[in-house]
Amino acid sequence: MLNLVSLNLGPFGSIWPASLIWAACGWANQGPNAVVGLILFGLGLWVDLLTGGPLGAWAVVALVAHALTMLTARFSTAMASTPMGSAAVTGLFFLIAAFILSISSGKGFNVLAILVPIVSAVVVYPWVAPWFDLSEDEA
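Right, let's walk through the structure included here. Everything numeric in this text was worked out from a predicted model, so none of it was measured.

### Regarding the overall build of the chain
Of regular secondary structure, the chain possesses five helices and zero strands. With 139 residues in all, the chain has 37% of them scored as buried. Residue pairs at least 24 apart in sequence account for 64% of intrachain contacts in the chain once pairs closer than 6 positions are excluded.

Next up, the structure:
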């Protein structure tokens, strides 16, 4: 919903975070899970519908970022050691997936317009990370 607020920085796009990164990153520590995949897909479709983008584009980007974050976490324990590091890796995968999607669709790719929301999502993630913790541990 934050992506719909019309607060723009001109060529830099919206300053609101690409909040799908939070879900893709936060739920990656649970490992492969069909329910999480379906929820991410649904959230991506919702973002597509709200923003008028091609249907399924953000769903694919979120799923690719989620899958690659899970894969990276298996091979690198240092990546998962801090929420900021984990979110940065997810943000990088999110950027790569968005780039590939825009190139394959034949549209131009405005790096600044997607980079600003990704950076703001990564910076804010340590504060919102507890909302995306699906572990069953109770404090």
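### A word on the packing of helix H2 (residues 34-51) against helix H3 (residues 57-75)
Where H2 meets H3, the closest approach of the two axes is 6 Å, and the angle between their N-to-C directions is 145 degrees. H3 is crossed by H2, and the crossing has right-handed handedness. On the side of H2, the interface is formed by Val36, Gly37, Leu40, Phe41, Gly44, Leu45, Val47, Asp48 and Thr51, while H3 contributes Ala57, Trp58, Ala59, Ala62, Leu63 and His66. The residue makeup of the contact of H2 with H3, split by class, is ten nonpolar, four polar and one charged.

### Quick look at the packing of aromatic side chains
Scanning the model with the defined rule gives one aromatic pair in all. Taking the centre distance of 5.5 Å and the plane angle of 15 degrees together, the rings of Trp58 and Phe94 count as stacked. Separated by 36 residues along the polypeptide, Trp58 in helix H3 and Phe94 in helix H4 (residues 83-104) bring together distant segments of the chain.

### Quick word on the nonpolar core
With 29 residues, the main nonpolar core has Leu40, Phe94, Ile118 and Tyr125 as its most contacted residues. With seven residues, the top contributor of residues to this core is H4. Contact partners of Leu40, with chain neighbours within four places excluded, come to Ala23, Ala24, Trp27, Ala62, Leu63 and His66.

### Topic: the side chain of Asp48
Mapped onto the elements, Asp48 comes out in helix H2. Separated by 3.0 Å, the side chain of Asp48 and the backbone nitrogen of Ala57 make a polar contact. For Asp48, the side chain forms a polar contact with the main-chain nitrogen of Trp58, separated by 3.1 Å.

### Some details on a nonpolar patch on the surface
Together, Met84, Val111, Leu112, Leu115, Val119, Val123 and Trp127 make up a nonpolar patch on the protein surface, roughly 610 Å² of accessible area in all. Within the fold, Val119 resides in helix H5 (residues 111-128). What makes Val119 partly exposed here is its relative accessible area of 44%.

Rules used throughout
- Residues numbered from 1 in each chain as written.
- Predicted model: local features only at pLDDT ≥ 70, side-chain atom pairs only at ≥ 80, totals over all residues.
- Heavy atoms only, no water.
- Helix = DSSP H or I, 4+ residues; strand = E, 2+ residues; numbered from the N terminus.
- Buried < 20%, exposed > 50% of the residue type's maximum accessible area, 1.4 Å probe, protein only.
- Contact = heavy atoms within 4.5 Å.
- Axes fitted to C-alpha atoms, helices over the stretch in contact; angles between N-to-C directions.
- Left-handed = near helix turned anticlockwise from the far one by under 90°.
- Nonpolar A, V, L, I, M, F, W, Y, C, P; charged D, E, K, R; others polar.
- Phe/Tyr/Trp six-rings, centres within 6.5 Å; stacked < 30°, edge-to-face > 60°.
- Core = buried A, V, L, I, M, F, W, Y, C linked by side-chain atoms within 4.5 Å.
- Polar contact = N/O pair within 3.5 Å; in protein donor to acceptor, adjacent residues only side chain to side chain.
- Patch = residues over 30% accessible without salt bridge, like charges linked within 9 Å, V, L, I, M, F, W, Y side chains within 5 Å.
- Areas by Shrake-Rupley, 256 points an atom, 1.4 Å probe, with all protein chains shown as cover.
- Salt bridge = Lys/Arg side-chain N within 4 Å of Asp/Glu carboxyl O.

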